[in-house]
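Chain residues, written in single-letter form:
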Amino acid sequence: MEEINALMQGFGVALSPFNLLLMFVGVILGIIIGVLPGLGGANGVAILLPLTFSMAQQPGGTTSAIILLSCIYWGALFGGAITSILFNIPGEPWSVATTFDGHPLAQRGRAGSALTAAFTSSFFGALIAVVMITFLSPVVAGFALKFGPPEFFSVYLLTFCAFVGMSGGNAAKTVASMMIGFALAAVGLDSVTGTLRLTFGFTSLLKGFDFLIAVIGLFGIGEILETLEEGLAFKGASAKINMKVVLETWKELPRYWATSLRSAAVGCFMGIVPGGATPASFMSYGLARRLSKDGKDFGNGVVEGVVAPETAAHAAGTSALLPMITLGVPGSPTAAVLLGGLLIWGLQPGPLLFVEKPDFVWGLIASMYLGNIAGLIVVLTCVPLFAAILRIPFSIIAPVIIVICAIGAYTVHNSMFDVYLMVIFGVVGYAFKKLGYPLAPMVLALVLGDRAEENFRNAIKGSQGDLTVFFSNGLVGSLTGLALILLFWPMLRGLWRAVLGKR
Amino acid sequence: MEGGTDRSAASTRAVEIGVALVILLFGLIVVIDSYRLGARWGDDGPQPGYFPFYVGLLICISSAAILVRAWRNPSLAEESFVSREELKKILIVLVPTVVYVSLIAYLGFYVASTLYIAYFMWQLGKYSWIKTVPVSVGVSVAFFLIFETWFSVPLPKGPLEAALGLN
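Residues numbered from 1 in each chain as written. Chains lettered and ligands numbered in written order. Predicted model: local features only at pLDDT ≥ 70, side-chain atom pairs only at ≥ 80, totals over all residues.

J.: Teacher, can you tell me more about the overall build of chain A here?
T.: A tally of helices and strands in chain A yields 23 helices and two strands. Relative to the compact-globule value of 23 Å for 503 residues, chain A shows a C-alpha radius of gyration of 22 Å, a close match. Oriented by its inertia axes, the alpha-carbon framework of chain A measures out at about 70 × 60 × 50 Å. Within the span of chain A, comprising 503 residues, buried residues form 62% of the whole. Long-range contacts, defined as pairs at least 24 residues apart, comprise 79% of the intrachain contacts of chain A with a sequence gap of at least 6. (Helix = DSSP H or I, 4+ residues; strand = E, 2+ residues; numbered from the N terminus. Rg over C-alpha atoms; globule rule 2.2 N^0.38 Å. Buried ≥ 20, exposed ≤ 12 C-beta atoms within 10 Å, placed from the backbone. Contact = placed C-beta atoms within 7 Å.)

This is how it looks when you write it as structure tokens:
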């Protein structure tokens, strides 16, 4: 019951009036970010991160800063459902499955029910994930305290191998994108030997590439370019939502308890694996369609078809923070940006955080409960306002978003070079997205590159260059082994099928 | 990055090959520079180029695989990566954006942003000046208040702010 005590102390931190205010500000900003094209959780947090630099320097300020940023994340997760249901535009990849039944419901005039169901099940999914984080993260962190450099490197290896094996796309493209991230992370001053790497005499490259610039360019500018190509007009269903609809939908929701619980479990599990939110939402939609009594009606607009993907996506998005705070390995691009934030504020994410900064960790966990409650209240009461944002003509909103991205890129280091870099990353992001190169591995590699390399170097330094150090004991050996299995998962599965097929 | 866009509407195959070649080149640069720094075992541990060398090597291998696959898949040549119309739409946005970010250094953030938003509204939205001017100026003034006053984050300023004594 130690966790409960710690959590109560966390609530004490999170419940200060200032932090509560930040929660609502964060959630509202997050929903706006989630609704707007070209701004998503990852780059929204990246743009606002520089604004927290001064906040984080005050006593207790890092907790306030993480509360603000994580609430932007929750808000963005909620916001994705609004665009999917009303406009049939998934704001984030994991909202795609929500459009299958959400938009048909809205077209039949049941937008209110669809939205209520989406928000409530998002909330439920997040709640389950936060409860899991509360009780599981001290255990994982305690376990990880025993980790040395080889173990940490093998955890990173596991993360990256999971991307290659589980992404389902073209493995070569995943590897290319990830390794470009690692290479960009290596640019600049090498912290161990003090050598300049890959700078070719350009002074502007001395500092290296900041992942925030990459995130803003790749996801922000890249997405605007992609949206433009598809046309400028958004046609949406109207968002009427009132207390009566909410209560009626709430009465209907308990019927889907099995779907909710199953989807939450899928989400929690998949969220820990990097890039898990999107497959989690599709998986639980598929499972619900197969197992539900009204499975054949899925796709024509049934509430259960909204419940399943939303619960899973939100559970996965939330549980992506578990490996971030306990191991320093983010499970999603947004979690990666949050992790980058911790590093900038001078905190070392990882198991020691639970020992050294319990206020911070438990304040964050408590704010996950409160932030999601705040989010639910805000979305249920203000949906029409947020939907109205999408009715602002694109020819006004697009340049404003690009201006915001430019400001965000500039404020990271007060450097114009970063703004130029952002535009280049934007073009790269557009080309990569259209060719099916995944962007998340690149961002993750850019954030984790230095830490992964440092642990790799320390590990092989300890073993005098012997790579078998990554199999030297049961723990690191099973981590590395699991990583290799995940890496070759598509091949193993193909082999398995070939064997079964031949009988 | 878009290697094949010199043709009016590039095929997916051409762009795929072009991008893979650029990535391959990038990988080669990484490999060569890491090799120069020393990619082997030094006196006191791995040399600075050790890790990036293998990263670069993986970039080369994976981009070569993408290249070969695109090369041997002629059906991709039929597929259009971007149509002439789409490309035009993108350039209409991309070119002003490039002009905008290069103007910031001379005019400052706020004036450049005002011009950029106004251009968009006027050119793409076909708004009259009566709507364009208040919206574009208003947005920039709002940004000024938010960043300079509220967050006290100074953004680059130009001659106009100097003349108004706002620096």
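The rest of the description comes next.
J.: Sorry if this is basic, but what is going on with the overall build of chain B here?
T.: Each helix and strand in chain B was counted, giving seven helices and two strands. Taken from N to C terminus, the helices and strands of chain B fall in the order α-β-β-α-α-α-α-α-α. Counting the 167 residues in chain B, one finds 34% classified as buried. Nonlocal contacts in chain B, meaning residues at least 24 apart in sequence, comprise 55% of its contacts between residues at least 6 apart.

J.: Please clarify how the interface of chain B and chain A should be interpreted in this entry.
T.: Where the parts come together, the accessible area they lose is often given as the size of the interface. Contacts between chain B and chain A engage 50 residues on the former and 45 residues on the latter. Elements with a contribution of two residues or more to the side of chain B that touches chain A: helix H1 (12-37), strand E2 (45-46), helix H2 (50-71), helix H4 (84-107), helix H5 (109-123) and helix H6 (129-150) of chain B. Of the residues belonging to the side of chain B that touches chain A, the class tally is 38 nonpolar, seven polar and five charged. (Nonpolar A, V, L, I, M, F, W, Y, C, P; charged D, E, K, R; others polar.)

J.: How should the confidence of the model for chain B be read in this particular structure?
T.: Detailed reading of the predicted coordinates is not advisable wherever pLDDT falls low. In the predicted model, chain B carries a mean pLDDT of 85, and 94% of its residues have values of at least 70. In the model output, the complex is listed with pTM 0.85 alongside ipTM 0.89. (pLDDT = per-residue confidence, 0-100.)

J.: I tried to follow H2(B) on my own but got confused; where do I start?
T.: Think of an α-helix as 3.6 residues a turn; residues three or four steps apart then line up on the same face. Compared with the 32 Å implied by 1.5 Å per residue over 22 residues, the 32 Å span of H2(B) between its first and last C-alpha is a close match. Among the structural elements, helix H9 (171-186), strand E2 (196-197) and helix H21 (440-462) of chain A together with H1, E2 and helix H3 (75-78) of chain B are those in contact with the buried residues of H2(B). (Expected span 1.5 Å × (residues − 1).)

J.: What exactly am I supposed to notice about the environment of A:Val303 here?
T.: Residues and elements named next belong to chain A. Among the secondary structure elements, Val-303 is positioned in the loop between helix H13 (277-291) and helix H14 (304-319). Sequence separation between Val-303 and Ile-485 is 182 residues; the distance between their C-alpha atoms is 38 Å. In this view, Val-303 contacts Ser-113, Ala-117 and Glu-252; residues no more than four positions away in its chain are not counted.

J.: So what exactly am I meant to see when it comes to the nonpolar core here?
T.: Taken as a class, soluble globular proteins show a tendency for nonpolar side chains to be buried jointly. Among the nonpolar cores identified, the biggest contains 232 residues, and A:Val215, A:Met422 and A:Val443 are the most heavily contacted of them. Three or more residues apiece are contributed to this core by two domains, here domain 1 (12-78) and domain 2 (85-164) of chain B. Contacts of A:Val215, omitting those with residues within four sequence positions, involve A:Ala42, A:Asn43, A:Ala46, A:Val337 and A:Val443. (Core = buried A, V, L, I, M, F, W, Y, C linked by C-beta atoms within 7 Å. Domains from an automatic or database assignment.)

J.: Even after reading the chapter, I still don't get the domain arrangement of chain B, so can you show me in this structure?
T.: The domains assigned to chain B are domain 1 (12-78) and domain 2 (85-164). Centre-to-centre, using C-alpha coordinates, domain 1 of chain B lies 39 Å away from domain 2 of chain B.

J.: Even after reading the chapter, I still don't get the packing of helix H12 (residues 257-272) of chain A against H13(A), so can you show me in this structure?
T.: Each pair of packed helices can be described by the angle between their axes along with the distance between the axes. All names here are of chain A. Contact pair H12 / H13: the axes reach a minimum separation of 9 Å and the direction vectors enclose 155 degrees. Judged on the interaxial angle alone, H13 and H12 are roughly antiparallel. Judged by the sense of rotation from one axis to the other, the crossing of H12 with H13 is right-handed. Contact residues: H12 offers Thr-259, Arg-262, Ser-263, Val-266, Gly-267, Met-270 and Gly-271, while H13 offers Ala-277, Pro-279, Ala-280, Met-283, Ser-284, Leu-287 and Ala-288. Partitioned by chemical class, the residues of the contact of H12 with H13 number eight nonpolar, five polar and one charged. (Axes fitted to C-alpha atoms, helices over the stretch in contact; angles between N-to-C directions. Parallel < 35°, antiparallel > 145°, perpendicular 65-115°, else oblique. Left-handed = near helix turned anticlockwise from the far one by under 90°.)

J.: How should the environment of A:Gly346 be read in this particular structure?
T.: Mapping A:Gly346 onto the fold places it in the loop between helix H16 (333-344) and helix H17 (352-356). Once the C-alpha coordinates of A:Gly346 and A:Pro104 are considered, the two residues, 242 residues apart in sequence, prove to be 47 Å apart.

J.: Looking at this model, I keep getting lost on unusual backbone geometry. Mind explaining?
T.: Where the residue is not glycine, phi is negative for most of them; where a peptide bond is considered, it is trans in most cases. Backbone geometry places A:Asn414, a non-glycine residue, at a positive phi of 50 degrees. Tracing the chain through its elements places A:Asn414 in the loop between helix H19 (394-413) and helix H20 (416-435). Positive phi values are uncommon outside glycine, yet B:Lys126 reaches one of about 55 degrees. Structurally, B:Lys126 is set in the loop between H5 and H6. Using a count of 9 C-beta atoms within 10 Å as the deciding quantity, one classes B:Lys126 as exposed.

J.: Please explain helix H7 (residues 111-144) of chain A as it appears in this structure.
T.: Residue and element names in this part refer to chain A. Relative to the 50 Å expected for 34 residues at 1.5 Å per residue, H7 spans 46 Å between its end C-alpha atoms, a close match to the ideal helical length. Of all the bends in H7, the largest measures some 40 degrees and sits at Leu-136, one to four residues before the proline Pro-138. Counting buried positions along H7 gives 26 out of 34 residues, so the element sits mostly inside the fold. (Bend = angle between axes of the 7 residues up to and from the residue.)

J.: Where do I start with the packing of H7(A) against H14(A) in this structure?
T.: Residue and element names in this part refer to chain A. Put simply, H7 and H14 touch, their axes get as near as 7 Å, and they point 35 degrees apart. Of the two elements, H7 crosses H14, and the hand of that crossing is right-handed. Across the contact of H7 with H14, the residue classes break down as 14 nonpolar, seven polar and one charged.

J.: Looking at this structure, how should I read the environment of A:Trp362?
T.: Residue and element names in this part refer to chain A. With respect to the helices and strands, Trp-362 occurs in helix H18 (residues 358-389). Classification of Trp-362 as buried rests on a count of 26 C-beta atoms within 10 Å. Sequence separation between Trp-362 and Gly-10 is 352 residues; the distance between their C-alpha atoms is 4.4 Å. When neighbours within four sequence positions are excluded, Trp-362 is seen to be in contact with Ala-6, Leu-7, Gln-9 and Gly-10.

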